[in-house]
Amino acid sequence: MKVLVTGGLGYIGSHTTVKLLEEGFDVVIIDNLSNSKIDVLDRIEQIAKKRPRFYNFDVQNKESLESVFVSEKPEAIIHFAGFKAVGESCQKPLMYYENNLLSTFALLDMMQKYPKCKNFVFSSSATVYGEPDSVPLTENSPIKQATSPYGQTKIMIEEILTDFSKVQKVNIAILRYFNPIGAHQSGLLGEDPNGLPNNLFPYINKVAVGALPKLNIFGNDYKTCDGTGVRDYIHVLDLAKGHVLALKKLEKDCGLFVCNLGTGKGTSVLELVKAYEKANNIKIPYEFAPRRAGDIDENFAGTEKAKKELGFVCDYTILDACRDGYNFQTQELKRMKDKK
Ligand code: WQD
C-alpha cells in the first residue's frame, strides 16, 4: 500500500515512517520543515535502508498537494502535520485554527477527488477528554470543553472526520495519543525542540545533558500518589506500531474507528524523574514550581479497545523510553557540536 505521511519528518511521523518502511509499505512524505529538520530524511534511510520520497511544502498548498496525488496516487494518508504547542495556541489561536483545520480540509478534498485514496489516520490526542470524571479513559468517556485552541482543533477535526465518514466511502482511524516519550534505539531519531521544551520528557532530556540547569515540576499538591501530575507515557515506537496496526485495520474497510493509544498505566512526574535517573544512572536536579494553567491531576488510557480491535500491546517500558531518550539527546548534542 502506498501511504502519504504528512509531517513525516517530525517526532512521531519519523518513527512511524521507519515502521511503515520496515513493514513493506511504500511511503511518500510531505513536510514543510516548520518543526523538523531535513537531516531526518537521511536518518530514516539509514535505519530502514529505504528512502521515502519527500516533498517540501505546506499541505495547505492545494496545487502542490494535487500534483503529489496525481503523480504518487496514494491509497492512504497518515496526517501528522499540525501545530501542537498548547501555550502557543493560546497566544496565536487563529494561526492554530487556520493551520490545523485547513491542512485537514485540503487532504479530505483530495480524497473526495481521488477516491482511490480511501484510508485516513488522524493524530488526535487524549486532550479531547479534558478533565476526566474518572480514569481509565475509554473511547466512550465524554469529550470535554478544550482548555486550549490546540485541543479545540483536535475536537473539531474529530467531528469533521466523523461527518465526512458518513457521506464518503472512506475508512478513518482517529487515534487519541496519550503522552509519547522516548526515541529510536539507534539514537538517530527523537524529539529535540528548539528553545525551551513545553513538554516534560524533552525538558528532562535537556537537563540530563546539561543544556538546562534543572527541571521545574509544576505543582506538588495534585490529588495523586505523590502530589505531582500523573500521565500515561507511551514509547514513541509503540505509538508508531499502533499506526501500522490501524492502517491494517482500515485496509479491511472498517469505516470510522476511534481508538486510544496509551499503556494503561499512570506515572507521576516524580516517578518519571526517578525512572530516568535509574535508567541512565544520572541525577536530574529539580524543584517544585507553581501549577501550570490548564493542567489536570491525572489521566491514563483504557487499552481494551486497542488490544481487542488492533491487537495492540506495548513492547516497551518507561525505563526503555528513558534510556532511549537520553541516548538520543546525548548523540544529538554530539552531532550539533561536530557540525559547528
Ligand atoms: C506532563 C506532566 C505537567 C513540563 C500535552 C498536550 C497533549 C500532547 C502532549 C502535544 C504534567 C508536568 C511538564 C515541565 C512539569 N500534545 N510538567 N514540568 O500536558 O500531559 O500533554 O502535551 O504534543 O495533547 O495536552 O504533557 O509533557 O506538557 O506534561 O512538571 O517542565 O509534566 O505539569 O503534569 P501534557 P506535558
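Note that the coordinates shown come from a computational prediction; the quantities given were computed from them, not determined experimentally. (Residues numbered from 1 in each chain as written. Predicted model: local features only at pLDDT ≥ 70, side-chain atom pairs only at ≥ 80, totals over all residues. Heavy atoms only, no water.)

Participant: Sorry, what's going on with the sheet that holds strand β1 (residues 2-6) here?
Facilitator: Hydrogen bonds between backbone atoms are what pair the strands of a sheet, whose relative direction is either parallel or antiparallel. Taken in spatial order, the seven strands of this open sheet run β3-β2-β1-β4-β5-β6-β11, and their pairing is parallel. In this open sheet, the two strands that pair with only one neighbour each are β3 (53-55) and β11 (256-261). Strand-to-strand, the axes of this sheet are offset by a mean angle of 20 degrees, without reference to chain direction. Here strand β4 (residues 76-79) pairs with strand β5 (residues 119-125) via four bridges, running parallel. Bridge assignment links Ile77 to a residue of β5, and that residue is Phe120. Here helix α1 (residues 11-22) sits on the sheet in contact with β1, β2 (26-30), β4 and β6 (171-177), set at roughly 160 degrees to β2. On the sheet, helix α8 (residues 236-250) packs against β1, β4, β5, β6 and β11 and is oriented at approximately 160 degrees with respect to β6. (Pairing = 2+ DSSP bridges. Helix = DSSP H or I, 4+ residues; strand = E, 2+ residues; numbered from the N terminus. Axes fitted to C-alpha atoms, helices over the stretch in contact; angles between N-to-C directions. Contact = heavy atoms within 4.5 Å.)

Participant: Could you clarify how one ought to interpret the site of the ligand in this entry?
Facilitator: Close to the ligand lie 20 residues; Ser125, Leu200, Asn216, Arg231 and Asp295 are nearest. Side-chain polar atom of Asn199 to an oxygen atom of the ligand: 2.8 Å apart, as the coordinates give it. Here Arg292 contributes a side-chain N or O atom positioned 2.9 Å from an oxygen atom of the ligand. When isolated, the ligand has an accessible area of 700 Å², and the protein chains bury 89% of it. Among the secondary structure elements, those contributing two or more residues to the shell around the ligand are α7 (200-208) and β8 (215-218). When residues of the shell around the ligand are assigned to their parent elements, the largest contribution, four residues, is made by β8. (Near = heavy atom within 4 Å. Polar contact = N/O pair within 3.5 Å; in protein donor to acceptor, adjacent residues only side chain to side chain. Areas by Shrake-Rupley, 256 points an atom, 1.4 Å probe, with all protein chains shown as cover.)

Participant: Would you mind showing me how to read the packing of helix α9 (residues 269-280) against helix α11 (residues 318-339) here?
Facilitator: Helix packing for two helices is described by the angle between their axes and how far apart those axes are. The interhelical angle for the contact between α9 and α11, taken along N-to-C directions, is 65 degrees, at an axis separation of 8 Å. The orientation of α9 relative to α11 falls into the category roughly perpendicular. Of the two elements, α9 crosses α11, and the hand of that crossing is right-handed. Where α9 abuts α11, its residues Leu272, Ala275, Tyr276, Lys278, Ala279 and Asn280 lie against Ile318, Leu319, Cys322, Arg323, Gly325 and Tyr326. The residue makeup of the contact of α9 with α11, split by class, is eight nonpolar, two polar and two charged. (Parallel < 35°, antiparallel > 145°, perpendicular 65-115°, else oblique. Left-handed = near helix turned anticlockwise from the far one by under 90°. Nonpolar A, V, L, I, M, F, W, Y, C, P; charged D, E, K, R; others polar.)

Participant: So what exactly am I meant to see when it comes to the nonpolar core here?
Facilitator: It is characteristic of soluble globular proteins that their nonpolar side chains tend to be buried jointly. Counting 38 residues, the largest nonpolar core has Val3, Leu20, Ile44, Leu175 and Leu247 as its most contacted members. Core analysis: the next-biggest nonpolar cluster, separate from the first, contains 25 residues, Phe57, Val68, Phe164 and Val170 among them. (Core = buried A, V, L, I, M, F, W, Y, C linked by side-chain atoms within 4.5 Å. Buried < 20%, exposed > 50% of the residue type's maximum accessible area, 1.4 Å probe, protein only.)

Participant: Before we go on, may I ask you to explain the side chain of Ser103 in this structure?
Facilitator: Its location among the elements puts Ser103 in helix α5 (residues 93-113). By relative accessible area, which is 3% here, Ser103 ends up buried. Ignoring sequence-local partners within four residues, the contact set of Ser103 consists of Val59, Gln60, His79, Ala81 and Glu98.

Participant: Teacher, can you tell me more about unusual backbone geometry here?
Facilitator: A negative phi angle is the norm for most residues apart from glycine, just as the trans form is the norm for most peptide bonds. In this structure, Pro136 follows Val135 across a cis peptide bond, with omega equal to 0 degrees. Residue position: Pro136 is located in the loop between β5 and α6 (149-167). Non-glycine residue Lys49 carries a positive phi angle of around 60 degrees. For Lys49, the position within the fold is in the loop between α2 (39-48) and β3.

Participant: Please explain the state of the cysteines as it appears in this structure.
Facilitator: Put plainly, two cysteines are in a disulfide when a covalent bond ties their sulfur atoms together. In this structure the tally under the stated criterion is zero disulfides. Here Cys225 stays free of any disulfide, with the sulfur of Cys322 as its closest cysteine sulfur at 15 Å. Cysteine Cys322 shares no disulfide, and the gap to the nearest cysteine sulfur, in Cys314, comes to 14 Å. (Disulfide = S-S within 2.5 Å.)

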